[in-house]
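# Understanding the architecture of this molecule
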Amino acid sequence: MSAWPRKLKDLSKDLDKDQPLSGDSLSLLQAAQARRARILAALRSRAFYDSRVTATINNQPIEDAAALDAIEAMPENQKADFVFNVATGPV
């Protein structure tokens, strides 16, 4: 088994420290989009050129305008959970 899945988890933890997903709805969405871009950049730096990273909030892709609506529709005390799916593809 490759060490890459562990490195992705470590990267995610580092991103949580460097750029926590917090703030108002728009800030949360922008932070998630930035995190997705950083994960893609990290994959490409390791020669995973065909990698794909999708991110969703309440089953809405973060690139869609509906993602902001999904965040704003959540109760204030509910934590926004973004889901990042990573497909590395071949090196």
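Residue indices begin from 1 for each chain and proceed along its sequence in written order. Where local features are concerned, this predicted model is filtered to residues with pLDDT of at least 70; where side-chain atom pairs are given and counted, the filter is 80 or more; whole-chain, interface and lining totals use all residues. Think of the side-chain values as coming from all heavy atoms in the structure, minus any hydrogens and water.

### What to know about the side chain of Ser51
As a reminder, the rule being used: Helix and strand assignments follow DSSP, with helices taken as H or I runs no shorter than four residues and strands as E runs no shorter than two, numbered in order from the N terminus. Whether a residue is buried, partly exposed or exposed follows from its accessible area with a 1.4 Å probe, protein chains only, as a fraction of its type maximum: under 20%, in between, or over 50%, in that order. We call two N or O atoms a polar contact when they sit within 3.5 Å, provided that within protein one can donate a hydrogen and the other can accept it, with sequence-adjacent residues counted only if both atoms are side-chain atoms. We call two residues contacting when some pair of their heavy atoms lies within 4.5 Å.
Among the structural elements, Ser51 can be located in the loop between helix H2 (25-45) and strand E1 (52-57). For Ser51, a relative accessible area of 5% translates into the label buried. Here Phe48 takes part through its backbone oxygen, which lies 3.0 Å from a polar atom of the side chain of Ser51. Apart from the residues lying within four places of it in its own chain, the contact partners of Ser51 are Leu40, Leu43, Ala87 and Thr88.

### A short note on the sheet that holds strand E3 (residues 82-87)
Spelled out, the test is: Two strands make a pair as long as DSSP finds a minimum of two bridges between them. The convention used is that axes are lines fitted to C-alpha atoms, helices contributing only their stretch in contact, and that angles between N-to-C directions extend from 0 to 180 degrees.
The strand order E2-E1-E3 describes an open sheet built from three strands, whose pairing is antiparallel. The open sheet has two edge strands with one neighbour each: strand E2 (60-61) and E3. Two strands pair when backbone bridges link them, and E1 and E2 are joined in this way by two bridges, in the antiparallel orientation. Bridge assignment links Thr56 to a residue of E2, and that residue is Pro61. Running over the sheet, H2 touches E1 and E3 and is turned about 15° from E3.

### Description of the pairing of E1
Side chains Val53, Ala55 and Ile57 project from E1 onto a buried face, and the interleaved Arg52, Thr54 and Thr56 project onto a face without burial. Relative to E3, E1 runs antiparallel, the two sharing six bridges. Residue Val53 lies in a different strand from E3, and its bridge partner there is Val86. What sits between E1 and E2 in their antiparallel hairpin is a turn of two residues, with Asn58 showing a positive phi close to 50°.

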